[in-house]
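# Remarks on the overall topology
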Amino acid sequence: MNNQLLREIPKVDDLLRSPTLASVCADIPHGALVEAVRGVLAELRSGVLAGTLAALPGEAELSQAAAARARRASMPSLRGVVNGTGVILHTNLGRACLSKAAANAAAAAAQNYSTLEYDRETGKRGERYAHVEKLLTALTGAESAFVVNNNAAAVLLILSALAAGGEVITSRGELVEIGGSFRVPEIMESCGARLREVGTTNKTYIRDYERAIGLETRALMKVHTSNYRIVGFTETVSREELTALGHAHGLPVIEDLGSGSLTDLSLFGIRGEPTVQESIRAGVDVVSFSGDKLLGGPQAGIIIGKKQYIDLFKRHPLTRAMRVDKMTLAALEATLRAYADGTALQEIPTLAMLSAEPAALRARADALCAMLKEAGVPAAVVPVEDQVGGGSVPMQMLPSYAVAVSPEGMSVDALETALRFSEPPIIGRIDHGQYLLHVRTLREDAFPHVADAMKEALR
Ligand SMILES: *Cc1c(COP(=O)(O)O)cnc(C)c1O
C-alpha cells in the first residue's frame, strides 16, 4: 500500500473547485457532478489500495473522467438502440416499432386533455373503448371488440369470465408456453378453470373433443402454436369443425391467436400464420391477440367476437385491473386506421420490414457497406436469414442481407462490446467469428452513426 499516494488523492471539494472541471462540466447539474467526482475519487483510492496504480492522474484527466461518469449516469435507462439482429419483433428490444402516426397520436394524448371518456355529441361521459371498437369490428368482421393491456391479460379475462369453476377442452398439441411463465395449463388454473386435455401431442381429432364434452364443460379452446410447430405425422381439428361441435352443444369456442395478423402474410412468403379474419369467418366466438406482434401497434390485448361474450368481459371485475391507458388507445387507433386506409404496408414498420424485397435489402446492405469502407472499416455484404421474432412464425426464415465485419487486431467480442457501448447502443450478432449487422431491422438514418461507431471501435 502506498500511503504517500493515498494522501495525494485530492479531496472532493478541491476537485469540484478546480477550473478545469468547471470548464468541461459546465452543462452538468451540480448534484450529478458531486456524485461523479466522489465515484472517480473512490475508484482512485481502491486502485491505490489494490496496488494497481503507481501514479495519480492529473487534474485534467480526473475532470474528464468525472464529466464522462456524470454524463453516463444522466442517460435514460430505457433508451433507443440500433437493432442489427434481423429479428423484427425482438422481445428484448421492445417488439413492434410504432408508425409515425401512432407515435404522434400517443404523444398528443399524453400531452393534452382528450375525449378519452367523453362523448362530444352528448357532452356526457363516453366509452374509453369506443375509439377502437368500430375500427376493429370493421377490419375483422367481428360483432364486437374490446381491448386490455396485453394478450396474456386477454386470455386471463376470457377464461375467468367464461370458464371459472368449469372445464375447458384443449388439444394436447396446443398447451403452449410463451415464456415469462405464461403457460396455458397454469393460466387456466389461476382462473379457477380446469383444463381438459384431449388427443395426443401430434394428433387430435374432433371425436376427442366430442367425447370430452360433459356437464362441467364451459368452452372449447384453440391456442395458436405461435412459437413452435408440430410437423410430420399430425392431425389437428379445423376451426370450422370445432365451432360446429361447440355450437351444437351450446358451448363457446375461444381462440388465443397469439400474434394475430390482419394481413395475409403468405403474400410475403410466410405460411402457417392464420389471419384474425379467418378465425372470425370460421365462426370462432371469442378471439384474442397481441397489439404489438404482427399487428405492429402498441402493447395491448385485443379481444373480438360475439357481442354477448364481449359484453360479459366489459362488465367483469377483472377488466378494471387490465384497463389500457390513453396513449395505448391513441396509438392503437392510429395503427388500425392505417389498415383501414390501406396504407399499413408502408406506414407500419413491422409490416414494411416483413415485406421488404430481397433486392431492396441488398441495396441497403450495399449502401451501408460502402459507407463503412469509406470509413476504413473492412466490411462485406453477406446473405443471411432474418426472423420475425416475438414468438411468431418460428419455422420461417426470411432471406436477407447483412454487413459482415471481421476485425483485425481486435477480437470480434471486443468489437461487439464496443458497439454495444456506443451512443446509442448498436446491437449486432456474432456468427462464425464475424460481426454481423442485419439490414432489415436497421433504419437508414442510423447508418452514419454505425459507420462512426465502427471506425471509433476499430481505431
Ligand atoms: C404472445 C402470446 C401471448 C401473450 O401475448 P402478450 O401480448 O405478449 O401478452 C399469448 N398467447 C400466445 C399464443 C402468444 O403467442
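Note that the coordinates shown come from a computational prediction; the quantities given were computed from them, not determined experimentally. Numbering of residues starts from 1 in each chain and follows the order in which that chain's sequence is written. Owing to the predicted nature of the model, reporting of local features is limited to residues with pLDDT of at least 70; listing and counting of side-chain atom pairs is limited to 80 or more, with chain, interface and lining totals taken over all residues. Side-chain figures throughout are based on the complete set of non-hydrogen atoms in the structure, without hydrogens or water.

## Let's talk about the packing of helix α7 (residues 130–140) against helix α14 (residues 326–341)
- Each axis is a line fitted through C-alpha atoms, taken for helices only over the stretch in contact, and angles between the N-to-C directions span 0 to 180 degrees. Segments assigned H or I by DSSP are reported as helices when at least four residues long, segments assigned E as strands when at least two residues long, and all are numbered from the N terminus. Across the interface, α7 lies against α14 with an axial gap of 9 Å and an inter-helix angle of 30°. The pairing of α7 with α14 is recorded here as roughly parallel in orientation. Once α7 is placed against α14, the crossing between them reads as left-handed. Here H131, V132, L135, L136 and L139 of α7 lie close against α14, whose contacting residues are L329, L332, E333, L336, R337, Y339 and A340. Each angle receives one of four descriptions, namely roughly parallel if under 35 degrees, roughly antiparallel if over 145, roughly perpendicular if within 65 to 115, and oblique otherwise. By definition, turning the near helix anticlockwise from the far helix through less than a right angle yields a left-handed crossing, and turning it clockwise yields a right-handed one. Note on contacts: a residue pair is in contact if any heavy atoms of the two residues lie within 4.5 Å.

## Some points on the nonpolar core
- For our purposes a nonpolar core is just a set of buried Ala, Val, Leu, Ile, Met, Phe, Trp, Tyr and Cys residues, chained together by side-chain atoms within 4.5 Å. Exposed residues in this analysis have more than 50% of their type's maximum accessible area, buried residues have under 20%, and partly exposed residues fall in between, with area computed by a 1.4 Å probe over protein chains only. If you look at the biggest cluster of nonpolar residues, it comprises 78 residues, and the most contacted ones within it are L159, I303, I304, F313 and L354.
- Setting aside residues up to four positions removed in sequence, F313 forms contacts with F146, L157, I158, A161, L162, V286, I303 and T319.
- C369, A379, V381 and F447 belong to the second largest nonpolar core, which has 27 residues in total.

## Quick notes on helix α6 (residues 100–111)
- An ideal rise of 1.5 Å per residue puts 16 Å on 12 residues; α6 measures up with 16 Å between its terminal C-alpha atoms.
- Buried within α6 we find A102, A106 and A109. With its buried residues spanning 65° around the axis, α6 presents them on a single face. The exposed residues of α6 that point more than 90 degrees off its buried face are K100, N104 and Q111.
- Tucked inside the fold, the buried residues of α6 contact α14. Multiply 1.5 Å by the residue count of a helix minus one, and that product is the helix's expected span. This arc corresponds to the set of directions leading from the helix axis out to the C-beta atoms.

## Focus on the pairing of strand β13 (residues 392–405)
- Here strand β12 (residues 379–389) pairs with β13 via 10 bridges, running antiparallel. Looking at β13, one finds that Q387 is bridged to M397.
- Two successive antiparallel strands, β12 and β13, enclose a turn made up of two residues, where G390 displays a positive phi of approximately 60°.
- Across four bridges, the pairing between β13 and strand β16 (residues 434–438) is antiparallel. In the sheet register, A404 faces β16, and the bridge partner there is L436. Paired strands, in this sense, are two strands between which DSSP finds at least two bridges.

## Describing the pattern of salt bridges
- Note on definitions: salt bridges are taken to be side-chain nitrogens of Lys or Arg within 4 Å of carboxyl oxygens of Asp or Glu. By the definition in use, this model includes 28 salt bridges.
- Here E117 ties to R128 by a salt bridge, and the two come within 2.8 Å at their closest N and O atoms. Here E117, found in the loop between α6 and β3 (118–119), pairs with R128, found in the loop between β4 (124–125) and α7; they are 11 residues apart in sequence, far enough to count as distant.
- Linking K222 and E174 is a salt bridge whose minimum nitrogen-to-oxygen distance equals 3.3 Å. Here the residue K222 occupies a position in strand β8 (residues 217–223), and E174 occupies one in the loop between β6 (167–171) and α9 (184–190), the gap between them amounting to 48 residues. The exposure classification of K222 matches that of E174, with both residues buried.

## Considering the packing of aromatic side chains
- Pairing of aromatic side chains requires ring centres within 6.5 Å, counting the rings of Phe and Tyr and the six-membered ring of Trp. Pairs whose planes differ by under 30 degrees are stacked, by over 60 edge-to-face, and all others tilted. A complete count under the given rule lists one aromatic pair for this structure.
- Arranged with centres 4.6 Å apart and planes meeting at 55°, the rings of Y129 and F146 form a pair that is tilted. In this pair, Y129 sits in the loop between β4 and α7 while F146 sits in strand β5 (residues 144–148), placing the two residues 17 residues apart along the sequence. By the burial criterion, Y129 is buried, and F146 matches it.
- Ring-over charges, as used throughout, are those where CZ of Arg or NZ of Lys falls within 6 Å of the ring centre and within 35 degrees of the ring normal. For the cation-ring pair, R207 lies above Y205, with the distance from its terminal atom to the ring centre recorded as 4.3 Å.

## Observations regarding the environment of L442
- The residue L442 is located in the loop between β16 and α19 (447–458) in this model.
- When its relative accessible area of 2% is taken as the criterion, L442 is described as buried.
- Distance in space between the C-alpha atoms of L442 and L368 is 9.9 Å, their sequence separation being 74 residues.
- Those residues in contact with L442 that lie beyond four places of it in its chain are V82, N83, G84, R364, L368, L437 and F447.

## A few points about the sheet that holds strand β10 (residues 286–290)
- Taken together, the seven strands give an open sheet; going across it, the order is β5-β11-β10-β9-β8-β6-β7, and neighbouring strands pair in mixed fashion. The sheet is open, and its two edges are formed by β5 and β7 (194–198), each paired on a single side. For this sheet, the mean angle separating the axes of adjacent strands, direction not counted, is 25°.
- Judged from the four bridges that link them, strand β9 (residues 253–258) and β10 form a sheet pairing that is parallel. Looking across to β10, one finds that I254 is bridged to V286.
- Set on the sheet, α7 makes contact with β5 and β11 (301–305); between it and β5 the angle comes to about 125°.
- Across the sheet, helix α8 (residues 151–163) touches β5, β6, β8, β9, β10 and β11, and the angle it forms with β10 is around 160°.

## Section: the site of the ligand
- Proximity criterion: a residue is near a molecule or strand once any of its heavy atoms comes within 4 Å of it. As a matter of local geometry, the ligand sits amid R95, N150, N151, A152, I178, F182, H224, S226, D256, G258, S290 and K293.
- Counted as a polar contact is a pair of N or O atoms within 3.5 Å, where, for protein atoms, one must be capable of donating a hydrogen and the other of accepting one, and residues adjacent in sequence contribute only when both atoms are in side chains. Separating a nitrogen atom of the ligand from a side-chain N or O atom of D256 is a distance of 2.6 Å.
- The separation between an oxygen atom of the ligand and a polar side-chain atom of K293 is 2.8 Å.
- Computed by Shrake-Rupley with a 1.4 Å probe, the accessible areas treat only the displayed protein chains as cover when residues are assessed. Relative to its unbound accessible surface of 380 Å², the ligand loses 94% to contact with the protein.
- The set of elements that each furnish at least two residues to the shell around the ligand consists of α8 and β9.
- Here the shell around the ligand is composed, by residue class, of three nonpolar, six polar and three charged. In this count, Pro and Cys sit with the nonpolar residues alongside Ala, Val, Leu, Ile, Met, Phe, Trp and Tyr, while Asp, Glu, Lys and Arg are called charged and the others, Gly among them, polar.

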